[in-house]
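# Fold and contact review
This is what each chain is made of:
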Amino acid sequence: MTTERPAPPLRAGERETLRSFLDFQRATLVMKTDGLDDEDLRRRSSPPSTLSLLGLVRHMAEVERSWFRRVINGEDLPLVWSADGDYQAAYDARTATRAEAFEAWQTEVAHARRIERAAASLDVTGYQPRWGEHVSLRLVMLHLIHEYARHNGHADFLREGIDGTVGA
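Position labels on residues start from 1 in each chain and follow its written sequence. Thresholds applied to this predicted model are a pLDDT of at least 70 for local features of residues and 80 or more for the giving and counting of side-chain atom pairs; totals over whole chains, interfaces and linings are not thresholded and use all residues. Only heavy atoms go into the side-chain values, all of them from the structure, while hydrogens and water stay out.

### Side note on the side chain of Arg159
Elements are defined by DSSP. Helices are runs of H or I of four residues or more, strands are runs of E of two residues or more, and each kind is numbered from the N terminus. Within the secondary structure, Arg159 is located in helix H5 (residues 137-163). According to the relative accessible area criterion, Arg159 is buried, its value standing at 8%. Here the term buried applies to any residue with accessible area under 20% of the maximum for its type, exposed to any over 50%, and partly exposed to those in between, with areas from a 1.4 Å probe on protein chains only.

Take a look at the structure:
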């Protein structure tokens, strides 16, 4: 499988630029998993860390769900892998599979895209209970770009350790 990344526009409005960079980062994470089986995807970085490529995909499903569905859309729903709100649970991918992780991630990305496109503007807000503040869709999109970029750096090292593949 070869993942294609959308090229962000060189000249576009703010919303299209944010949307494109977020999709670019999403595709980068997927690229880091191309061609790997479940065992490779579960390979941990270095004990005692549970960090793995599959754990990163599961974590990003939680991030997408939390920020778009729970914060911006105000949905009252649990995390995907933890009914008690433990974000670290997603990182434990010892028994996870590519199929279940990517199905959850793709479902949450589809919801996020729907919510973002339905929002009247980037100024739409939702309540972030962990911060006790209302936040804009603009902040959410920037936060997710940052979150993916940070974890894509982790994914670079993880992938290189698995089979020597470098670059994006």
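There is more to say after this.
### Thoughts on the packing of helix H1 (residues 14-31) against helix H4 (residues 98-118)
In contact at an axis separation of 13 Å, H1 and H4 are set at 175° when each is read in the N-to-C sense. The pairing of H1 with H4 is recorded here as roughly antiparallel in orientation. Residues Arg15, Arg19, Asp23, Arg26 and Val30 of H1 form the contact with H4, whose participating residues are Phe102, Trp105, Val109, Ala112, Arg113, Glu116 and Arg117. Residue classes follow a fixed rule: Ala, Val, Leu, Ile, Met, Phe, Trp, Tyr, Cys and Pro count as nonpolar, while Asp, Glu, Lys and Arg count as charged, and any other residue, Gly among them, counts as polar. Looking at the contact of H1 with H4, its residues break down into five nonpolar, no polar and seven charged. Between N-to-C directions, angles span 0 to 180 degrees; the directions come from axes that are lines fitted to C-alpha atoms, helices contributing only their stretch in contact. Between 65 and 115 degrees an angle is taken as roughly perpendicular, under 35 as roughly parallel, over 145 as roughly antiparallel, and anywhere else as oblique. Throughout, a residue-residue contact means that at least one pair of heavy atoms, one from each residue, lies within 4.5 Å.

### Brief notes about the pairing of strand S1 (residues 125-128)
Burial along S1 is one-sided: Gly126 and Gln128 are buried, while Thr125 and Tyr127, pointing the other way, are not. A strand pair is defined by DSSP finding two or more bridges across the two strands. As paired elements, S1 and strand S2 (residues 133-136) share four bridges and run antiparallel to each other. From the neighbouring strand, Thr125 faces S2, where its bridge partner is Ser136. The turn linking S1 back onto S2 is made up of four residues, and Gly132 within it adopts a positive phi angle of 70°.

### Topic: the pattern of salt bridges
One speaks of a salt bridge when a side-chain nitrogen belonging to Lys or Arg is within 4 Å of a carboxyl oxygen belonging to Asp or Glu. Under the defined criterion, the tally for this structure stands at 16 salt bridges. For Arg65, the salt bridge identified is with Glu108, shortest N-O distance 2.7 Å. Taken together, the residues span a long stretch of sequence, with Arg65 in helix H3 (residues 53-72) and Glu108 in helix H4 at a distance of 43 residues. Grouping residues by exposure puts Arg65 and Glu108 together as buried. Among the ionic pairs, Glu75 bridges to Arg69, the shortest N-O distance being 3.2 Å. Linked through salt bridges whose partners overlap, the residues forming this network are Asp23, Arg26, Glu64 and Arg113.

### So, the packing of H3 against H5
In contact at an axis separation of 10 Å, H3 and H5 are set at 175° when each is read in the N-to-C sense. What the angle tells us is that H3 and H5 run roughly antiparallel. Looking at side-chain class alone, the contact of H3 with H5 contains 16 nonpolar, four polar and three charged residues.

### A word on the nonpolar core
We define a nonpolar core as any set of buried Ala, Val, Leu, Ile, Met, Phe, Trp, Tyr and Cys residues linked to one another through side-chain atoms lying within 4.5 Å. If you look at the biggest cluster of nonpolar residues, it comprises 40 residues, and the most contacted ones within it are Phe68, Trp105, Leu144 and Tyr148. Elements with a minimum of two residues in this core: H1, H3, H4 and H5. The dominant element in this core, judged by the number of residues it contributes, is H3, at eleven residues. Setting aside residues no more than four positions away along its own chain, Tyr148 makes contact with Leu22, Gln25, Arg26, Leu29, Met60, Glu64, Trp105 and Val109.

### Section: empty space enclosed by the protein
The method is simple in principle: a probe with the dimensions of a water molecule rolls over the atoms, and the space it marks as empty is what remains. Method remark: on a 1 Å grid restricted to protein atoms, a set of points is classed as a cavity if a 1.4 Å probe fits but cannot get out and as a pocket if it is open with protein on both sides within 12 Å along at least five of seven lines; lining residues have an atom within 4 Å of a point. Grid points are joined across faces, edges and corners, and a volume is the space filled by probe spheres set on the points. If you walk through the whole model with that rule in mind, you get two cavities of 30 Å³ or more. In this model, the largest cavity occupies a volume close to 50 Å³. When contributions to the lining of the largest cavity are tallied by element, the ones reaching two or more residues are H1 and H4. When grouped by side-chain class, the residues that make up the lining of the largest cavity number four nonpolar, no polar and five charged. The calculated volume of the second largest cavity comes to roughly 40 Å³. Around the second largest cavity, the lining residues are Arg42, Arg44, Thr50, Ser52, Tyr91, Asp92, Ala93 and Arg94. In terms of residue class, the lining of the second largest cavity is built from two nonpolar, two polar and four charged.

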